[in-house]
Amino acid sequence: MRYTALMRSRPPFPPRQRGAALLLLVAVLGMAGAALLMSAYRPAGDDLRHEQRTQRQLAAAREALLGYAAQYGRLPRPAASAIDGTESAQPCERADSCSGFIPWVTLGIEGTDSWGKLLRYSVTPAFTAAPILPLTPGDRQVLGRNRRGEYIELAGRRPCELYAQCPPAVIYSSGKNNLGTSSQGVAQAAGVGTDLDERSNDVAVSQFISRARSDDPRSAGGEFDDLVVWLPIQQVNARLRATRAH
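Residues numbered from 1 in each chain as written. Predicted model: local features only at pLDDT ≥ 70, side-chain atom pairs only at ≥ 80, totals over all residues. Heavy atoms only, no water.

This brings us to helix 4 (residues 196-203). Considered for burial, the residues of helix 4 that qualify are Asp197, Glu198 and Asn201. The buried residues of helix 4 occupy one face: seen down the axis, they fall within an arc of 100 degrees. Exposed and oriented more than 90 degrees from the buried face of helix 4 are Leu196 and Val203. Structurally, helix 4 contributes buried residues whose contacts are with strand 3 (141-145), strand 4 (151-155), strand 5 (169-173), strand 6 (207-209) and strand 7 (227-231). (Buried < 20%, exposed > 50% of the residue type's maximum accessible area, 1.4 Å probe, protein only. Helix = DSSP H or I, 4+ residues; strand = E, 2+ residues; numbered from the N terminus. Arc of directions from axis to C-beta. Contact = heavy atoms within 4.5 Å.)

Another point: the environment of Pro217. Within the fold, Pro217 resides in the loop between strand 6 and strand 7. Measuring from C-alpha to C-alpha, the distance between Pro217 and Val192 comes to 8.8 Å, with 25 residues separating the pair along the chain. Apart from the residues within four sequence positions on either side, Pro217 is in contact with Thr194, Gly222 and Glu223.

Before going further, it helps to examine the packing of aromatic side chains. In the structure shown here, the tally under the stated rule is 2 aromatic pairs. Considering the side-chain rings of Tyr68 and Tyr72, the 4.5 Å spacing of their centres and the 40 degrees angle between planes classify their relative orientation as tilted. Here the residue Tyr68 and the residue Tyr72 both occupy positions in helix 2 (residues 15-72), the gap between them amounting to 4 residues, near one helical turn. With 5.8 Å between their ring centres and 50 degrees between their planes, Tyr172 and Phe208 make a pair best called tilted. With Tyr172 in strand 5 and Phe208 in strand 6, this pair connects stretches of sequence that are 36 residues apart. For the pair Tyr172 and Phe208, one class covers both residues: buried. Across the ring face of Tyr151, the terminal group of Arg145 is positioned such that the distance to the ring centre comes to 4.0 Å. (Phe/Tyr/Trp six-rings, centres within 6.5 Å; stacked < 30°, edge-to-face > 60°. Lys NZ or Arg CZ within 6 Å of the ring centre and 35° of its normal.)

This part is about the pairing of strand 2 (residues 120-123). Moving residue by residue along a regular strand, the side chains alternate between the two faces of the sheet. In strand 2, alternate side chains face the same way, and those of Arg120 and Ser122 on one face and Tyr121 and Val123 on the other are all buried. Pairing of strand 2 with strand 5, which is carried by 4 bridges, proceeds in the antiparallel orientation. Considered in strand 5, the bridge of Arg120 is made with Tyr172. (Pairing = 2+ DSSP bridges.)

Next up on the list: the nonpolar core. Counting residues in hydrophobic clusters, the biggest one holds 31 residues, and the most contacted among them are Leu65, Leu75, Ile102, Tyr121, Ile171 and Leu231. Every element with two or more residues in this core is listed here: helix 2, helix 3 (104-107), strand 2, strand 5, strand 7 and helix 5 (233-245). If you tally residues by element for this core, the top one is helix 2, at 7 residues. (Core = buried A, V, L, I, M, F, W, Y, C linked by side-chain atoms within 4.5 Å.)

Such coordinate-based values are descriptive only and should not be taken to indicate function.
What follows is the structure, encoded as structure tokens:
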């Protein structure tokens, strides 16, 4: 009896062992918490890197278009198809026939964004045939949204006349989520039905939307992650003047 009572009164582990076990438990919990935090923040970091890379690709495409204008005295037509990156052989007679994909083979650039979707390209028909008269206006327009969700004019004003300075061309990426066309030429479905501005860009011919990224379906225009750039007509005309000078 005395031996049994003595055994019951003793702690199962010495104090040092209990302390070491507690420290080990704290360390394990800390590592688990750090892993959870890293997994939570990694997608946002990856998305940012993809977005930055796509912005560089769009900038490279814009420079390639300006270089093409300086060399040939015009802008190229869209690509022949989603799987043929050479410039379409068909002349642009209407606004809708001049909207498609960037002619990546003709320009010698990468034709997709960092998510593997083809870069979209829309150009004013009059700027695809040389010689281009000095006062020829562009007919593309880019809209944004203000804090109240109302559309505002970012580039160009309707009607596109000399004083309105509408861009002659627009390039854009469909972003990570929703819509777009893969490098294999497969159209991507939209995962949501509330991305109104993205859907508008997907079928746009001459009027495009560029605004801040949003994952909130309640925001004006719904979810949005398109990346849009345009060619200011002043830059295009400067390259065309350089061509005429030679």
